[in-house]
Amino acid sequence: MVRIDAFESALARSFRRLVPSDAPPRLRAAVRHAVFPGGARVRPRLVLAVAQACGATPEDAMPAAIAIELLHCASLVHDDLPCFDDAQLRRGRPTVHARFGEPIAVLCGDGLIVAAFDELAHGFAGRDMLGRAVSLLAAAAGAGAGLVAGQAWEEEPQPVLDRYHRAKTGVLFEAAAALGALAAGAEPRPWRPLGSAFGEGFQIADDILDRTASEFELGKPVGQDVSHARPSAVDELGLERARARLDAIRSRALVLLPPCPGRDELHSWLAQLMSGLFARALVRTPDRMDASLSA
Ligand code: GRG
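A brief look at the structure comes next. (Residues numbered from 1 in each chain as written. Predicted model: local features only at pLDDT ≥ 70, side-chain atom pairs only at ≥ 80, totals over all residues. Heavy atoms only, no water.)

### A closer look at helix H9 (residues 161-183)
With 23 residues, H9 ought to run about 33 Å at 1.5 Å a step, and its terminal C-alpha atoms sit 32 Å apart, in line with that. By the largest-angle criterion, Ala 167 marks the main kink of H9, which is about 50 degrees. Counting buried positions over the 23 residues of H9 gives 19, a clear majority of the element. Once H9 ends, the next one or two residues include Gly 185, with phi positive near 80 degrees. (Helix = DSSP H or I, 4+ residues; strand = E, 2+ residues; numbered from the N terminus. Expected span 1.5 Å × (residues − 1). Bend = angle between axes of the 7 residues up to and from the residue. Buried < 20%, exposed > 50% of the residue type's maximum accessible area, 1.4 Å probe, protein only.)

### Observations concerning the nonpolar core
With 94 residues, the main nonpolar core has Val 35, Leu 70, Leu 112, Trp 191, Phe 198, Leu 266 and Leu 270 as its most contacted residues. Broken down by element, the residue count for this core peaks at 13 residues, all from H9. Residues within four places of Phe 198 in sequence aside, it is in contact with Val 42, Leu 46, Phe 173, Ala 253, Leu 270, Leu 273, Met 274, Leu 277 and Phe 278. (Core = buried A, V, L, I, M, F, W, Y, C linked by side-chain atoms within 4.5 Å. Contact = heavy atoms within 4.5 Å.)

### Quick look at the side chain of Arg 243
In this structure, Arg 243 sits in helix H14 (residues 239-255). In this view, Arg 243 contacts Ile 208, Thr 212, Ala 281, Leu 282, Val 283, Arg 284 and Thr 285; residues no more than four positions away in its chain are not counted.

### Concerning the packing of aromatic side chains
Scanning all chains against the criterion turns up four aromatic pairs. Judged by centre distance (6.3 Å) and plane angle (75 degrees), the ring pair of Phe 198 and Phe 278 falls under edge-to-face. Linking Phe 198 in helix H10 (residues 192-212) with Phe 278 in helix H15 (residues 263-282), this pair joins segments that are 80 residues apart in sequence. Of the two residues, Phe 198 and Phe 278, both sit in the buried class. An aromatic cluster of at least three residues, connected via ring pairs, comprises Phe 173, Phe 198, Phe 202 and Phe 278. (Phe/Tyr/Trp six-rings, centres within 6.5 Å; stacked < 30°, edge-to-face > 60°.)

### Structural notes on the site of the ligand
Contacts to the ligand come from 21 residues, most closely from Ala 40, Arg 43, His 72, Arg 91 and Gln 151. A distance of 2.7 Å is found between an oxygen atom of the ligand and a side-chain nitrogen or oxygen belonging to Arg 43. One of the side-chain N or O atoms of Arg 91 is found 2.8 Å from an oxygen atom in the ligand. Summarising the interface, the protein chains cover 90% of the accessible area of the ligand, which totals 760 Å² for the free molecule. More than half of the atoms of the ligand fall within 2 Å of the grid points belonging to the largest pocket. Counting residues per element, the ones that place at least two in the shell around the ligand are helix H4 (58-79), helix H8 (147-153), H9 and H10. When residues in the shell around the ligand are grouped by element, the largest group, seven residues, is from H4. (Near = heavy atom within 4 Å. Polar contact = N/O pair within 3.5 Å; in protein donor to acceptor, adjacent residues only side chain to side chain. Areas by Shrake-Rupley, 256 points an atom, 1.4 Å probe, with all protein chains shown as cover. 1 Å grid on protein atoms, 1.4 Å probe; cavity = no way out; pocket = protein on both sides within 12 Å on 5 of 7 lines; lining within 4 Å. Sits in = over half its atoms within 2 Å of the grid points.)

### Concerning the state of the cysteines
Scanning the model with the defined rule gives zero disulfides in all. No disulfide involves Cys 83; its nearest neighbouring cysteine sulfur is the one of Cys 108, lying 14 Å away. (Disulfide = S-S within 2.5 Å.)

### Some words on the pattern of salt bridges
Counting across every chain of the model gives 24 salt bridges. Where Glu 154 meets Lys 168, a salt bridge forms, and the shortest distance between an N and an O atom there is 3.7 Å. Here Glu 154 is found in the loop between H8 and H9, whereas its partner Lys 168 is found in helix H9, with 14 residues between them in sequence. Among the salt bridges present, the one from Asp 287 reaches Arg 211, with a minimum N-O distance of 2.9 Å. Linking Asp 287 in the loop between H15 and helix H16 (288-294) with Arg 211 in helix H10, this pair joins segments that are 76 residues apart in sequence. Neither residue differs from the other here; Asp 287 and Arg 211 are each classed as buried. Counted as one network, the salt bridges with shared partners bring together Asp 85, Glu 154, Lys 168, Asp 225 and Arg 230. (Salt bridge = Lys/Arg side-chain N within 4 Å of Asp/Glu carboxyl O.)

Rendered as structure tokens:
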């Protein structure tokens, strides 16, 4: 349903426009490192799939898909910084600050945030939905209930898990689904619950894998929730109930699909995508914390 190779080519073209060859060389190299090669590109896939199901061409929705991915990459760069996770590994490679130093990593994240909005402004120039798209992305990034809030909840003594998860992860998935609809000229609001459920499942799977998978499998450090004393679905529910919730969310997300011309195709695509993404988290592998306790 989604041609990810077309997305990668469009992203590479945008990179050349947004960070031109006369930009400071270390910054340009850092931005390239943060964006290419990517991870699973889940959020832009969602933008493009929803847009297509609502009747848009991939080109109609490409600026939104790129903007979402640039914002996501920015959040990963900042999340890995020494003042937050202090992670050395991301996508199986050194993190941006590990490779280029902290000052460049901060600027790289900053540049990617600005680039995300530039991409929307450039790609949607002259289209009716530009203002709404910018507000939607700003809310997903922002200090109220977006990425910035999600990170800031980690600095609070007792964050509420659902609120923290939604801001840190869910809202960007909501924005992806909503922007896909908006790019097709459809009303974005009915698409939010689907994005929200998908994002909630995605974060629960991430929490489970943080406790059960290896650094080699994930290409990033594991055991982060415990070492940073962060709230996690596994701590709150236990591993088995977290898996049961993930399984339930996978089914619920599909029920939340709003009516649209390509609903059946989108339904099968999403079912397949979620099964693939959540499969490893749903396998009954032991909690590393239990293993270390009984060792
Ligand atoms: C960018 C405005 C802005 C603020 C940054 C640091 C921060 C504020 C927020 C942290 C948000 C964050 C990194 C949440 C984790 C979400 C998560 C599970 C990410 C992993 O996503 P994947 O697996 O990554 O899709 P890939 O590597 O596949 O792209």
